[in-house]
Amino acid sequence: MELCCTSEIPLSGSRAIKAHGHQLFVIVNEAGQPAVYVNRCPHLGVPLQWQDDRFLNKDGQYIICSTHGALFEKESGLCIHGPCRGQKLLKIPSRTEKAMVVISEEELEKTMDGLS
Ligand code: FES
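Residues numbered from 1 in each chain as written. Predicted model: local features only at pLDDT ≥ 70, side-chain atom pairs only at ≥ 80, totals over all residues.

Draft legend 1. Main features of the pairing of strand 10 (residues 100-103). What you see with strand 10 is a clean split: Val101 and Ile103 sit on the buried side and Met100 and Val102 on the side with no burial. Pairing of strand 1 (residues 2-5) with strand 10 involves three bridges; the strand directions are antiparallel. Bridge pairing in strand 10 links Glu2 to Val102. Inspection of the sheet shows strand 9 (residues 94-97) paired to strand 10 by four bridges, in the antiparallel sense. From the neighbouring strand, Thr96 faces strand 10, where its bridge partner is Val101. The loop that links strand 9 with its antiparallel partner strand 10 comprises two residues; one of these, Lys98, has a positive phi angle of about 50 degrees. (Buried ≥ 20, exposed ≤ 12 C-beta atoms within 10 Å, placed from the backbone. Helix = DSSP H or I, 4+ residues; strand = E, 2+ residues; numbered from the N terminus. Pairing = 2+ DSSP bridges.)

Rendered as C-alpha cells:
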C-alpha cells in the first residue's frame, strides 16, 4: 500500500499518515531513507506529535513524544530517554518504490493486531 511520495517529506523531516484507519507517521533520515511507525507512545498510548506533522525534536536527531518528552532513536524506535526508556515504538517495515513510501497491508494489520 502506498503511503505518500518521498518528495512530500523533507530530509530529516516527518509526516503524519492515516492508513486503513490507523494513525502512522513517516520520518525520512539524512540519507533520504524513510521509516514508518505507529503514532502511539509506548508510555501512555497517546499520539506523539507536538504540532501537525512534527515528530522530531528540535535538532532532528530523535523522535520525541510531546506529552512527557521521551526520545526515540529514528532507526530503531528505541526509547533512550524518558518514562518508557527501553521500550520501542512500533515500526512497520517499509520500502521505497517509484518514489513512493510503501508498506504491506498484512504487516500493518499484524502490527495493529498485536496492540489489541
Ligand atoms: S506519553 Fe509519551 S512519554 Fe509519556
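On we go.
Draft legend 2. The sheet that holds strand 3 (residues 22-28), seen in detail. A sheet is described by the order of its strands in space; here four strands give the open sequence 2-3-4-8, paired in antiparallel fashion. Either end of the sheet is taken by a strand with one partner, and the two such strands are strand 2 (14-19) and strand 8 (91-92). Bridge analysis of strand 2 against strand 3 gives six bridges, and the strand direction is antiparallel. Bridge pairing in strand 3 links Ile17 to Leu24.

Draft legend 3. Up close: the sheet that holds strand 10. Read across the open sheet, the three strands follow the order 1-10-9; overall the sheet is antiparallel. Each edge of the open sheet is held by one strand with a lone partner, namely strand 1 and strand 9. Averaged over all neighbouring strand pairs, the angle between strand axes comes to 30 degrees, with direction disregarded. (Axes fitted to C-alpha atoms, helices over the stretch in contact; angles between N-to-C directions.)

Draft legend 4. Seen up close, unusual backbone geometry. In this model, His20 sits at a positive phi of 55 degrees, which is unusual for a non-glycine residue. The phi torsion at Lys98 lies on the positive side, around 50 degrees, for a residue other than glycine. By secondary structure assignment, the location of Lys98 is in the loop between strand 9 and strand 10. A tally of 8 C-beta atoms within 10 Å means that Lys98 is categorised as exposed.

Draft legend 5. Looking closely at the environment of Leu90. Structurally, Leu90 can be placed in the loop between strand 7 (79-81) and strand 8. Sequence separation between Leu90 and Gly13 is 77 residues; the distance between their C-alpha atoms is 18 Å. When sequence neighbours within four positions are dropped, the list of residues in contact with Leu90 reads Tyr37, Val38, Arg40 and Thr111. (Contact = placed C-beta atoms within 7 Å.)

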